[in-house]
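# Observations on the three-dimensional arrangement
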Amino acid sequence: METAALPICACGGRSGELPADQKLRWSGAGPMDRYGPPVAGVGAVPVPDFRQNEGSLTSTLRTLLFFTALMITLPVGLYFSSKAYIFEGTLGMSDRDSYFYAAIVAVIAVHVVLALFVYVAWNEGSRQWREGKQD
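The shown structure was predicted, so the numbers you read here are calculated from the model rather than taken from an experiment. (Residues numbered from 1 in each chain as written. Predicted model: local features only at pLDDT ≥ 70, side-chain atom pairs only at ≥ 80, totals over all residues. Heavy atoms only, no water.)

## Some details on the overall build of the chain
- Looking only at helices and strands, the chain has 2 helices and 2 strands in total.
- Along the chain, from the amino end to the carboxyl end, the secondary structure elements read β-β-α-α.
- Counting every position in the chain, which comprises 135 residues, the buried fraction comes to 10%.
- The contacts of the chain with a sequence gap of at least 6 include a subset with a gap of at least 24, amounting to 38%.
- A total of about 11300 Å² of accessible surface is found on the chain, and carbon and sulfur atoms cover 65% of it. (Helix = DSSP H or I, 4+ residues; strand = E, 2+ residues; numbered from the N terminus. Buried < 20%, exposed > 50% of the residue type's maximum accessible area, 1.4 Å probe, protein only. Contact = heavy atoms within 4.5 Å. Areas by Shrake-Rupley, 256 points an atom, 1.4 Å probe, with all protein chains shown as cover.)

Structural data, given as C-alpha cells:
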C-alpha cells in the first residue's frame, strides 16, 4: 500500500502518513465551478462609465471653488466695509460698538453663503440625477 506525507495542520506542523486510497486529490475545480458559467443578464452588474461624469466632476469642482472663495472674501469684506462705512461713518458708532455689529454682519454673511451652497449643490445633484435617469 502506498503512503503519502500530508500535513496534519494548515500551519505546517508535523506530517503523518496516509494510505493512498485516503489521499486528497485536487481536481482543479473550485466549489463554484459546479454551477456552470454565469448567464448574461442574470445578476450581472454593468460597469459604470466614469468618462461621461467628467463634465459633472468639473462642474462640481468649479462650484466648490466658487463658494470657497465666496466664503473667504464675502464675510471679511463685509466686516471691514460695514465697520468703516456703515457703523462708524454713517451711523457714527464708537470703535467698540462697530466691531460688534460688523461681526454680526460677517456671521450673517457666512450663513447666507452656506445656505446658497446647500441650495446650489442640492439642485445640481437633482439635475444630474434627472439627466442620468433620461439616458
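There is more to say, and it comes next.
## Regarding the confidence of the model for the chain
- On average, residues of the chain score 77 in pLDDT, and 53% of them are at 70 or above.
- Element-level mean pLDDT values for the chain span from 52 in strand S1 (residues 3-7) up to 93 in helix H1 (residues 54-90). (pLDDT = per-residue confidence, 0-100.)

## Points about the pattern of salt bridges
- For the coordinates displayed, the defined rule picks out 2 salt bridges.
- Note that Glu88 is salt-bridged to Lys83, the shortest N-O span being 2.6 Å.
- We classify Glu88 as partly exposed; its relative accessible area is 26%.
- Asp95 is the partner of Lys83 in a salt bridge, and the nearest nitrogen-oxygen pair spans 3.9 Å. (Salt bridge = Lys/Arg side-chain N within 4 Å of Asp/Glu carboxyl O.)

## Observations concerning the packing of aromatic side chains
- Scanning the entire structure with this criterion turns up 5 aromatic pairs.
- Their ring planes at 70 degrees and their centres at 5.4 Å tell us that Phe67 and Phe117 sit as a pair that is edge-to-face. One end of the pair, Phe67, is in helix H1; the other, Phe117, is in helix H2 (residues 95-134), with 50 residues separating them in the sequence.
- Phe117 sits in the partly exposed class, given a relative accessible area of 28%.
- Taken together, a centroid distance of 5.2 Å and an interplanar angle of 75 degrees make the contact between Phe100 and Tyr101 edge-to-face.
- An aromatic cluster of at least three residues, connected via ring pairs, comprises Phe66, Phe67 and Phe117. (Phe/Tyr/Trp six-rings, centres within 6.5 Å; stacked < 30°, edge-to-face > 60°.)

## A few points about the environment of Ala103
- Residue position: Ala103 is located in helix H2.
- Sequence separation of Ala103 and Phe80 is 23 residues, and the distance between their C-alpha atoms is 9.1 Å.

## Topic: the environment of Val107
- Topologically, Val107 is positioned in helix H2.
- Taking C-alpha positions, Val107 is 7.0 Å from Pro75, a pair spaced 32 residues apart along the chain.

## Some words on a nonpolar patch on the surface
- A cluster of nonpolar side chains, namely Phe100, Tyr101, Ile104, Ile108, Val112 and Leu116, defines an oily patch on the protein surface of about 540 Å² accessible area.
- You can see Phe100 is positioned in helix H2. (Patch = residues over 30% accessible without salt bridge, like charges linked within 9 Å, V, L, I, M, F, W, Y side chains within 5 Å.)

## Description of the side chain of Glu124
- Summarising the element assignment, Glu124 is placed in helix H2.
- For Glu124, the side chain forms a polar contact with the side chain of Thr60, separated by 3.0 Å.
- With residues up to four places along the chain from it excluded, the contact list for Glu124 reads Ser59, Thr60 and Thr63. (Polar contact = N/O pair within 3.5 Å; in protein donor to acceptor, adjacent residues only side chain to side chain.)

## What about the environment of Leu64?
- Secondary-structure assignment places Leu64 in helix H1.
- With 57 residues separating them in the primary sequence, Leu64 and Ala121 have C-alpha atoms 8.9 Å apart.

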